[in-house]
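Observations on the model geometry
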Amino acid sequence: MLRGVAHSAKDIFTLLLARSQYCNPGLNFSLLWTEVTNRSILPHSHYTTDKRSREENKEIIKSLYRLSVDIKKIRRLKEWVLFQDVAYVKEVANILQEMGADETTIASILERWPEAILRSPAEINSQRALWQLVCQNEKQLIKLIEQFPESFFTTEYHENQKANILFFQELGLKNNIITRFLTSAPSIFYNPVEKNKDTIKTLQRNYLSLGGSDANMKIWIMKLLSQNPFILLNTATAVQENLEFLQKNDFTNHEVLQLLSKLKGFIFQLTPTTMQKSMLFSKNVFKCSDQDLKQLVLKCPALLYYSVAILEERFEGLLKEGISIEQIKETPVVLELTTQIVQYRIKKLSALGYNIKSGTLETLNGTKKDFEVSYDPELKLTTSWMAGSCT
């Protein structure tokens, strides 16, 4: 499967062995926890999408046509909307116009989210008043509606949205952050506010139990939510289980907080089972002790949050390039790069006389900008790279 890498045949065998043994319960890791399935709450429409033996509503077609809406686009994307008995095309357009939208903007909104015409004027005005709690003005609001019409016109959870907006404001989140949540993570507002409060309390309690201070707790929570609001889609139980999983695998309180900061809360979107599998796979590949693996995870959290399939692909890609397991162990963060990026960078370095097999993998790391500025415009390697690494 991995050809042309004679010197790393042993490493390849190790990788293949790890593939078959990563879930071996006999290894010295804590038992797998019950997997927790996190389900996002999706809005449920009370409109029918059944159009059998029915005709398009001619009044809807005429009203949309008057607004210069591309009817063909709606037929292609959401044809069922045109079959509804009741719609509020003119009323919705008037409200959007009152808010400052011109004809082109209105047409764009209705083409992107045709369901908007099925919302009553009362529902839309309620959403308008709600979003005004966090928007600077209606000019900003109409721009957000044009960019994220689905978020605005999802009215089924209005009361939950309102309660959560007020809760986030009380928590100390700035309106511009709440606005970003409304548009990029609207599903967190569909939760009952008590559910979100419970998750926040769990995070606060664990932060303090891990050694965090009362003085820094608010800042920590704000930063965590700002980086990853989808934390709130998890149950308080799932959050607790993931933190306990790390502690049961001998990560100290300080190290758990360190991982939370590095992972920006994404650890809560994992499960103890998936983390366990990834760690066992990595342990088999590196042939290391539990303590050594823990240090590798602290250096490269990717070993914790990438699935076995992704890790296997990354290891294979590196081994195919002649890189040894020992080199990867010395610089595990190289696993955060995709195989395509690794291949591209190795090709660039090889053209400049750099031997990746005998050099350090640090040369591969960093963002695209970091990598490109590491050599001059003539693509000459810096002296720190060249030292002891050329063939």
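Starting afresh in each chain, residues are numbered from 1 along the sequence in its written order. At least 70 in pLDDT is required for a residue's local features to be given in this predicted model, at least 80 for side-chain atom pairs to be given and counted, and no such filter applies to totals for whole chains, interfaces and linings, which use all residues. Side-chain numbers come from the whole structure's heavy atoms, not from hydrogens or water.

In the annotation of an unreviewed UniProt entry, the protein is listed under the name Mitochondrial transcription termination factor 2 and assigned to Dromaius novaehollandiae. Of the protein, the UniProt comment under Subunit (unreviewed entry) reads exactly: "Monomer." UniProt positions are given in the numbering used here, feature names are shortened, and annotations may be inferred rather than shown by experiment. Looking at the Subcellular location (unreviewed entry) heading of the UniProt record, one finds this comment for the protein: "Mitochondrion".

Once that is clear, we can look at the nonpolar core. Soluble globular proteins tend to bury their nonpolar side chains together. The biggest cluster of nonpolar side chains holds 110 residues, and the ones touching the most others in it are Leu64, Phe153, Ile328 and Leu364. In DSSP terms, a helix is any run of H or I states spanning at least four residues, a strand is any run of E spanning at least two, and both are numbered starting from the N terminus. Among the elements that take part in this core, helix H12 (residues 214–227) stands out by supplying six residues, more than any other. Among buried residues, those of type Ala, Val, Leu, Ile, Met, Phe, Trp, Tyr and Cys that are joined through side-chain atoms within 4.5 Å constitute a nonpolar core. Relative accessibility under 20% of the residue-type maximum defines a buried residue, over 50% an exposed one, and the middle range a partly exposed one, all with a 1.4 Å probe and only protein chains included.

A few words on the packing of helix H9 (residues 158–171) against helix H11 (residues 193–209). For any two helices packed against each other, the geometry is given by the interaxial angle and the distance between the axes. Where H9 contacts H11, the axes come no closer than 9 Å and their chain directions differ by 25°. Relative to H11, H9 is oriented roughly parallel. Both H9 and H11 take part in a crossing whose hand is right-handed. Two secondary-structure elements touch here, H9 through Ala163, Asn164, Phe167, Phe168 and Leu171 and H11 through Val193, Asn196, Lys197, Ile200 and Gln204. Of the residues that constitute the contact of H9 with H11, the class distribution is six nonpolar, three polar and one charged. To get an axis, fit a line to the C-alpha atoms, keeping to the stretch in contact for a helix; angles then go from 0 to 180 degrees between the N-to-C directions. Working rule for angles: under 35 degrees goes down as roughly parallel, over 145 as roughly antiparallel, 65 to 115 as roughly perpendicular, anything else as oblique. Left-handed describes a crossing whose near helix is turned anticlockwise from the far helix by less than a right angle; the clockwise case is right-handed. Contact definition: two residues touch when any of their heavy atoms are within 4.5 Å. The nonpolar class holds Ala, Val, Leu, Ile, Met, Phe, Trp, Tyr, Cys and Pro. Asp, Glu, Lys and Arg form the charged class, and all remaining residues, Gly among them, are polar.

With that out of the way, let us pick up the confidence of the model for the protein. Detailed reading of the predicted coordinates is not advisable wherever pLDDT is low. As a per-residue quantity, pLDDT reports the predictor's confidence and falls between 0 and 100. Looking at the protein, the pLDDT average stands at 83 and 82% of residues meet or exceed 70. For the stretch residues 382–391, pLDDT sits under 50, and the model shows 18 contacts to residues farther than four places along the chain or on other chains.

Buried within helix H5 (residues 103–112) are the following residues: Thr105, Ile106, Ala107, Ile109, Leu110 and Glu111. Two N or O atoms form a polar contact when they lie within 3.5 Å of each other; inside protein one atom must be a possible hydrogen donor and the other a possible acceptor, and for residues adjacent in sequence the pair counts only when both atoms belong to side chains. The backbone nitrogen of Thr104 lies 3.3 Å from a side-chain oxygen of the residue at the head of H5, namely Asp102.

Take the packing of aromatic side chains next. When the centres of two rings from Phe, Tyr and Trp lie within 6.5 Å, Trp using its six-membered ring, the rings pair. Their planes under 30 degrees apart give stacked, over 60 give edge-to-face, and anything left gives tilted. Per the stated rule, a full pass over the model turns up ten aromatic pairs. With a centroid separation of 5.5 Å and 70° between ring planes, the pair formed by Phe286 and Phe315 is classed as edge-to-face. Note that Phe286 is positioned in helix H15 (residues 272–286) and Phe315 in helix H18 (residues 308–320), a separation of 29 residues in sequence. Taking the relative accessible area as the measure of exposure, Phe286 reaches 5% and is therefore buried. Residue classification places Phe315 among the buried positions, given a relative accessible area of 0%. Ring plane angle 70° and centroid distance 4.7 Å describe the contact between Tyr305 and Tyr306, whose orientation is recorded as edge-to-face. We classify Tyr305 as partly exposed; its relative accessible area is 31%.

For the rest of this paragraph, the subject is the pattern of salt bridges. Criterion for a salt bridge: a side-chain nitrogen of Lys or Arg within 4 Å of a carboxyl oxygen of Asp or Glu. Inspection of every chain in the model, using the stated rule, returns nine salt bridges. Two residues, Arg128 and Glu138, come together in a salt bridge whose shortest N-O distance is 2.8 Å. Of this pair, Arg128 sits in helix H6 (residues 121–131) while Glu138 sits in helix H7 (residues 138–147), and the two are ten residues apart along the sequence. When its relative accessible area of 14% is taken as the criterion, Arg128 is described as buried. Looking at Glu138, the relative accessible area reads 21%, which means it is partly exposed. Notably, a salt bridge pairs Glu255 with Lys294, separated by 3.2 Å at the nearest N-O pair. Separated by 39 residues along the polypeptide, Glu255 in helix H14 (residues 253–263) and Lys294 in helix H16 (residues 290–299) bring together distant segments of the chain. Residue Glu255 is classed as buried on the basis of its relative accessible area of 11%. Looking at Lys294, the relative accessible area reads 6%, which means it is buried. Each member of the salt-bridge network shares a partner with another, and the members are Glu98, Arg128 and Glu138.

The next subject is the packing of helix H4 (residues 89–98) against H6. One way to put it is that H4 packs onto H6 with a least axis distance of 10 Å and a crossing angle of 25°. By the angle class used here, H4 and H6 are roughly parallel. In the crossing of H4 with H6, the sense of the turn from one axis to the other is right-handed. Side by side, H4 and H6 meet where Glu91, Val92, Ile95 and Glu98 of the first sit next to Pro121, Ile124, Asn125 and Arg128 of the second. Here the contact of H4 with H6 is built from residues that sort into four nonpolar, one polar and three charged.

Okay, the side chain of Thr202 next. Relative to the elements of secondary structure, Thr202 occurs in helix H11. At a separation of 2.9 Å, a polar atom in the side chain of Thr202 contacts the main-chain carbonyl oxygen of Asp198. Apart from residues lying up to four places away in sequence, Thr202 is in contact with Ala236, Val239 and Gln240.

Every buried residue of H16 is accounted for by Leu293, Lys294, Leu296, Val297 and Leu298. Of the surrounding elements, those touching the buried residues of H16 are H14, H15, helix H17 (302–305) and helix H19 (325–330).

Turning to its location among the elements, Asn228 is positioned in the loop between H12 and helix H13 (236–248). Of the residues examined, Asn228 reaches a relative accessible area of 1% and is grouped as buried. Those residues in contact with Asn228 that lie beyond four places of it in its chain are Lys264, Gly265, Phe266 and Gln269.

Our focus in this paragraph is the environment of Ala185. With respect to the helices and strands, Ala185 occurs in the loop between helix H10 (175–184) and H11. Take Ala185: its relative accessible area is 1%, and that puts it in the buried class. Each C-alpha atom of the pair Ala185 and Phe230 lies 6.9 Å from the other, and the pair is 45 residues apart in sequence.

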